[in-house]
Amino acid sequence: MKQLSSSEVRNMFLEFFKGKGHSVEPSASLIPVDDPSLLWINSGVATLKKYFDGRVVPQNPRICNAQKAIRTNDIENVGYTARHHTFFEMLGNFSIGDYFKDEAITWAWEFLTSPDWIAFDPEKLSVTIHPDDHEAYKLWHGKIAIPDERIIRLEHNFWDIGEGPSGPNTEIFYDRGPEFGNDPNDPELYPGGENERYLEVWNLVFSQYNHNPDGSFTPLPKKNIDTGMGLERMCSVIQQAKTNFETDLFLPIIHKIEEISGRTYNPDGENTAFKVIADHVRTVTFAISDGALPSNEGRGYVLRRLIRRAVRYAMDLGINKPFMYVLTPVVADIMKDYYMEVVENTSFVQRVIRREEERFHETIHEGLAILKDRIEEAKAKNQKQISGSDVFKLYDTFGFPVELTEEYAKNAGLGIDQKGFERELAKQRERARAARRDEQSMQVQNDTLQSITAKSTFVGYDQFTVDDARVLAIVKGSKVAESASKGEKVQIILDRTPFYAESGGQVADTGRMTSAGASLVVQDVQKAPNGQHLHTCLVEHGEIAADNKVRAAIDVRKRLATQNNHTATHLLHQALKDTLGKHVNQAGSYVSPERLRFDFTHFGQVTEEELERIEKTVNEKIWEQLDVTTSQMPINEAKALGAMALFGEKYGKIVRVVKTGDYSLELCGGCHVRNTSELGLFAIVSESGIGAGTRRIEALTGRRAYEKMNQSEQELKNIGRMLKVKVEQIPERLTALQSQIKGLEKENEALMAKIGHAKVHDLERSVKHAAGIAYIAEKVDTMDMTQLRAMADDLKNRFGSLIVVLASVQDGKVLLVSGVTKDLTAKGFHAGKIIKDVAALCGGGGGGRPDMAQAGGRKPENIQKALQSVADLIEKTTVG
């Protein structure tokens, strides 16, 4: 058997099958595309389903790949077993109606045993087959010449997921030797049994039947091959590792954890924490690199759970600070030969992981303390589980994933009230829904509106006015009405309308409707259940009736300003990607005539330099006078062109694509300018964080951008007049003033020091004695905390043996300082304890070191009483 690295094994597999006429399919993103059945890509065949089910015919029916995958159905086992992982690689060769069992078995044997490839000893290989798969038996026994005793028939060697393709499979096992199991009485000691001696290295699935709805099986007209070889497991055999974690895929990570923790990984010992961290950091590194971000839902919740589980186990190694982000470059270095995208995205992945670690560290210690208390309480009361309300509090307040709480409880011999937790979670969601309902001033009458099915057409992309629109329906309150008169607020549907209905972040148009006998103000437009644009109108005068003809006209000035801002969001989106990285994606937007707001995914604050570059880029695209065009096309065609789609947004089969020159291409149903020059000017007014991994930019265009910049210029001119200099001289003048202020501050400090020394001289005469101990307990005027500490130090140095307590009042608040010389701290006097008791009398608290402490209080009127208590405190300490 050759000694090979993981990279060599992966490359060797792909090269072998490339030589057998296979096309190498690149590893797809871990985030599934057009497959709502999967949270993650979880196998090598998952990305090829379009070929196996016939939706797409591959150019080459022979395919091989090395596919990254995530499975999280048994996270709790990771770290406790030799081969459980959340992230892994599957090497596979596939035939879509081309070759079948003969080639699949022959090539598998050649790759594993040939001296040119893996060079396993054939005598160490065994196989399992389905009892009825006589063809596979003949190939293994007759052609490959494996003796009967190494061909094991197992009923479960049949791949079947219900209706659809299915068939028998054969698995190849490697015998690691008697040191991994040699008990003749062990009923599981055979290839395919639960043991550590015989390791499965390859699974070949022969998809030859169709599982029919009635439960019967019929032969497939075209038979397929689907194989899977776990890279981690294969490497453990080749590299003669006891577990997968001792291979070159994990050891560099483990060595880095050793360096960070100061602990040593022992291959023969208990290494759960090392294994959990090493596994989980691979998963989150690859997932974040592919565009997933930690959150409280879906795949984001999985990432948050994995990061927090790793942080929890890191504490077992004495790591109590963010550290996982340091491991990311190690993961990238291990995988760089095949996954360069991880190397390219390393800095971003590090920022995401570090931010998530920091957030959890802010609450974990307090949460753990509460959890330990709840565990102790449950045990004291002989309860078998932690209540659902306590589990929810840990989840909602301290960020503990439910599974993490469950794991802690399990280690303590307890369970959790899962149903109780789910009830609390449901209550929270209902509160949130109720809050959203309360914010809506007018509820759509769904029952009434759903009954209106007449077709209405939006023509507002090209027309701002429709002169002969017909009133299809009038809704008054919760009922369809025949007419509406002056002063009534109604909802109207037209057969054709230029009014844009609020959607995609763009606000609704406003404007007017007029008929021969009525005039209405259009205040809002929303989409009705059947897709029509629903106009909320106030009848100013006259009467409007169903079937009337009206002139519908939008407020053109507002629409033009809104179009400017909407096109600006597209330019901004691309500029953000160009400046901050491809990981940036739109997370929300608001487009109105007055301003635009754009939310996007990004960890870390955007720097001033980056904001300037983003703003400049958008303005350059405005000045380049790029044409803005729209077109309708199938969604797959749009995505193939590179059109940006909003994550989580649902699109139809035909989509509207907005193209801005050769710079931006997005799926969008909103209103836009015809040329970027119409925007005039773009100005960013603010940038801020609005949540974990989400930033917000607010900006202006056109006239409002000019007004904002003009306002800033006028403010600068006013500052210049105040400083009596020209605008361009303001920085120089401010620098001079800052230097002058610093000089005055130094003079003030020196003067206050002199005053402090003078007061110290006066305080020397205030020394008193209690139990033979010299002490000073006095109030001093107009002193801040820094000056009080300096005076206390000065007095300690002058006397050599002294307890000092000084008090002052600033802005109605009490400031207290206590100092104890070294000889007295040795006798048990503690400045922190003294100040705590003194401060309590002033309605406050504080503490500190044995030799120096400080505190505050809210009751200045109690200062004298507090200072008088010092003598009693000294005497009590002496007696004690």
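Residues numbered from 1 in each chain as written. Predicted model: local features only at pLDDT ≥ 70, side-chain atom pairs only at ≥ 80, totals over all residues. Heavy atoms only, no water.

Draft legend 1. Spotlight on the overall build of the protein. Of the regular secondary structure elements, the protein holds 24 helices and 34 strands. A globule of 880 residues ought to have a C-alpha radius of gyration of about 29 Å, yet the protein, at 37 Å, is considerably larger. Its C-alpha atoms give the protein principal-axis dimensions of roughly 110 × 95 × 60 Å. Each of the 880 residues in the protein was classed as buried or not, and the buried ones make up 49%. Residue pairs at least 24 apart in sequence account for 67% of intrachain contacts in the protein once pairs closer than 6 positions are excluded. In the form shown here, the protein has an accessible surface area of approximately 42,500 Å², with 48% of it arising from carbon and sulfur atoms. (Helix = DSSP H or I, 4+ residues; strand = E, 2+ residues; numbered from the N terminus. Rg over C-alpha atoms; globule rule 2.2 N^0.38 Å. Buried < 20%, exposed > 50% of the residue type's maximum accessible area, 1.4 Å probe, protein only. Contact = heavy atoms within 4.5 Å. Areas by Shrake-Rupley, 256 points an atom, 1.4 Å probe, with all protein chains shown as cover.)

Draft legend 2. Local environment of the packing of aromatic side chains. Under the defined criterion, the tally for this structure stands at 26 aromatic pairs. Where Phe100 meets Phe206, the ring centres are 6.0 Å apart and the plane angle is 65 degrees; that geometry is what we call edge-to-face. With Phe100 in the loop between strand 3 (87–96) and helix 3 (101–113) and Phe206 in strand 8 (residues 198–211), the pair connects residues that are 106 residues apart, well separated along the chain. Where Phe158 meets Phe217, the ring centres are 5.8 Å apart and the plane angle is 85 degrees; that geometry is what we call edge-to-face. In this pair, Phe158 is assigned in strand 6 (residues 158–159) and Phe217 in strand 9 (residues 217–230), connecting sequence segments 59 residues apart. Linked through ring pairs, Phe13, Phe16, Phe17, Phe111, Trp117 and Trp202 together constitute an aromatic cluster. The ring centre of Trp40 lies 5.7 Å from the NZ or CZ of Arg299, which sits over that ring. (Phe/Tyr/Trp six-rings, centres within 6.5 Å; stacked < 30°, edge-to-face > 60°. Lys NZ or Arg CZ within 6 Å of the ring centre and 35° of its normal.)

Draft legend 3. Representation of the nonpolar core within the structure. Among the nonpolar cores identified, the biggest contains 119 residues, and Leu112, Trp140 and Trp202 are the most heavily contacted of them. Broken down by element, the residue count for this core peaks at 11 residues, all from helix 11 (residues 346–380). Look past the residues within four positions of Trp140 in its chain and what remains in contact with it is Ile105, Trp109, Val127, Ile129, Ala145, Ile146, Ile151, Thr170, Ile172 and Leu204. (Core = buried A, V, L, I, M, F, W, Y, C linked by side-chain atoms within 4.5 Å.)

Draft legend 4. Molecular detail of the pattern of salt bridges. Summed over all chains, the structure comprises 43 salt bridges. Put simply, Lys101 and Asp133 hold a salt bridge, and the shortest N to O gap is 2.6 Å. Residue Lys101 is found in helix 3, and its partner Asp133 is found in the loop between strand 4 (125–129) and helix 4 (134–143); the two are separated by 32 residues along the sequence. For Lys101, a relative accessible area of 2% translates into the label buried. (Salt bridge = Lys/Arg side-chain N within 4 Å of Asp/Glu carboxyl O.)

Draft legend 5. Here's a closer look at the confidence of the model for the protein. Chain-level statistics for the protein give a pLDDT mean of 89 and a share of 95% at 70 or above. The secondary structure element of the protein with the lowest average pLDDT is helix 14 (residues 418–439), at 65, and the one with the highest is strand 17 (residues 496–497), at 98. A low-confidence stretch, residues 435–446 stays under pLDDT 50, and its non-local contacts, those more than four residues away or across chains, total eight contacts. (pLDDT = per-residue confidence, 0-100.)

Draft legend 6. How the structure looks around the sheet that holds strand 32 (residues 813–820). An order of 29-30-31-32-34-33 is seen for the six strands of this open sheet, with the pairing classed as mixed. Because the sheet does not close on itself, it has two edges, and the strands there are strand 29 (768–770) and strand 33 (845–848). Geometrically, the sheet is characterised by an average inter-axis angle of 20 degrees between neighbouring strands, direction not taken into account. The sheet contacts of helix 21 (residues 785–799) involve strand 30 (773–779), strand 31 (803–810), strand 32 and strand 34 (852–857), and relative to strand 32 the element is tilted by about 25 degrees. Sitting on the sheet, helix 23 (residues 831–841) touches strand 31, strand 32, strand 33 and strand 34, and the angle it makes with strand 32 is about 150 degrees. (Pairing = 2+ DSSP bridges. Axes fitted to C-alpha atoms, helices over the stretch in contact; angles between N-to-C directions.)

Draft legend 7. Broad picture of the sheet that holds strand 25 (residues 654–660). The three strands lie next to each other as 24-25-26, forming an open sheet whose pairing is antiparallel. Looking at strand neighbours, the two that pair on one side only are strand 24 (628–634) and strand 26 (664–667), the edges of this open sheet. The sheet shows a mean angle of 25 degrees between the axes of neighbouring strands, direction not considered. Contacting strand 24, strand 25 and strand 26, helix 16 (residues 556–580) runs over the sheet at an angle of about 115 degrees to strand 26.

Draft legend 8. Representation of the side chain of Arg305 within the structure. On the secondary structure map, Arg305 appears in helix 8 (residues 298–314). Sequence-distant contacts of Arg305, that is, excluding residues within four places in its chain, are made with Ile75, Glu76, Pro401 and Glu403.

Draft legend 9. A look at the packing of helix 16 against helix 17 (residues 608–623). Packing of helix 16 against helix 17 brings their axes to within 9 Å, and their N-to-C directions diverge by 135 degrees. Between helix 16 and helix 17, the interaxial angle falls into the category oblique. As for the relative orientation of helix 16 and helix 17, their crossing is right-handed in sense. Contact with helix 16, carried on its side by Leu571, Leu572, Ala575, Leu576, Thr579 and Leu580, involves Glu610, Arg613, Ile614, Thr617, Val618, Lys621 and Ile622 of helix 17 and no other residues of that element. (Parallel < 35°, antiparallel > 145°, perpendicular 65-115°, else oblique. Left-handed = near helix turned anticlockwise from the far one by under 90°.)

Draft legend 10. Just the environment of Arg496, in detail. Tracing the backbone shows Arg496 in strand 17. For Arg496, a relative accessible area of 27% gives the class partly exposed. Counting along the chain gives 26 residues from Arg496 to Arg470, while the straight-line C-alpha distance between them is 7.3 Å. Beyond its immediate sequence surroundings of up to four residues, Arg496 is in contact with Thr457, Val466, Asp468 and Ala469.

Draft legend 11. Examining the packing of helix 8 against helix 11 more closely. At a closest axis distance of 10 Å, the pairing of helix 8 and helix 11 adopts a crossing angle of 60 degrees. Our classification of the angle between helix 8 and helix 11 gives oblique. Pair helix 8 / helix 11 crosses with right-handed handedness. Of the residues in helix 11, those in contact with Arg304, Ile307, Arg308 and Val311 of helix 8 are Glu356, Glu357, Arg359, Phe360, His361 and Ile364.

Draft legend 12. Structural view of the environment of Met633. Mapped onto the secondary structure, Met633 falls in strand 24. A sequence separation of 148 residues divides Met633 from Asp781, and the C-alpha atoms of the two residues are 79 Å apart. Not counting the four nearest positions on each side in its chain, Met633 is found in contact with Ala638, Leu641, Lys653, Ile654, Val655 and Val657.

Draft legend 13. Quick peek at the state of the cysteines. Enumeration according to the criterion identifies zero disulfides in this entry. Its sulfur unpaired, Cys235 is 17 Å from the next cysteine sulfur, which belongs to Cys64. Here Cys671 is not disulfide-linked; the sulfur of Cys668 is the nearest cysteine sulfur, at 8.4 Å. (Disulfide = S-S within 2.5 Å.)

Draft legend 14. Spotlight on helix 16. Across its 25 residues, helix 16 extends 36 Å between first and last C-alpha, which sits within 8% of the 36 Å expected from 1.5 Å per residue. Taking burial as the measure, the 25 residues of helix 16 include 19 buried ones, the bulk of the element. N-capping of helix 16 is provided by Asp555, with a side-chain oxygen placed 3.2 Å from the backbone N of Arg557. Just beyond helix 16, the residue with positive phi is Gly581, at close to 130 degrees. (Expected span 1.5 Å × (residues − 1). Polar contact = N/O pair within 3.5 Å; in protein donor to acceptor, adjacent residues only side chain to side chain.)

Draft legend 15. Quick look at the side chain of Ser869. Tracing the sequence through the fold places Ser869 in helix 24 (residues 863–879). For Ser869, a relative accessible area of 13% translates into the label buried. Excluding residues that lie within four positions of it along the chain, Ser869 makes contacts with Val838 and Leu841.

Draft legend 16. Structural view of unusual backbone geometry. The phi angle at Gln240 is positive, at roughly 50 degrees, despite the residue not being glycine. Relative to the helices and strands, Gln240 resides in the loop between helix 5 (231–238) and helix 6 (251–261). Unusually for a residue other than glycine, Gln625 sits at a positive phi of about 55 degrees.

Draft legend 17. Region of the structure containing helix 17. A rise of 1.5 Å per residue sets the reference length of helix 17, with its 16 residues, at 22 Å; its end C-alpha atoms lie 22 Å apart and thus fit the reference within 8%. Along helix 17, the positions that sit buried rather than exposed are Glu610, Leu611, Ile614, Thr617, Val618, Asn619, Lys621 and Ile622. Once helix 17 finishes, Gln625 follows within two positions and takes phi at roughly 55 degrees, a positive value.

Draft legend 18. Examining the pairing of strand 32 more closely. The element strand 32 is extensively covered by neighbouring structure, given that seven of its eight residues are classed as buried. Where strand 31 lies against strand 32, eight bridges are found, and the strand directions are antiparallel. In the sheet register, Val809 faces strand 32, and the bridge partner there is Val814. In textbook terms, the turn of a hairpin is the stretch between consecutive antiparallel strands, and for strand 31 and strand 32 this stretch comprises two residues, one of which, Asp811, has a positive phi near 55 degrees.

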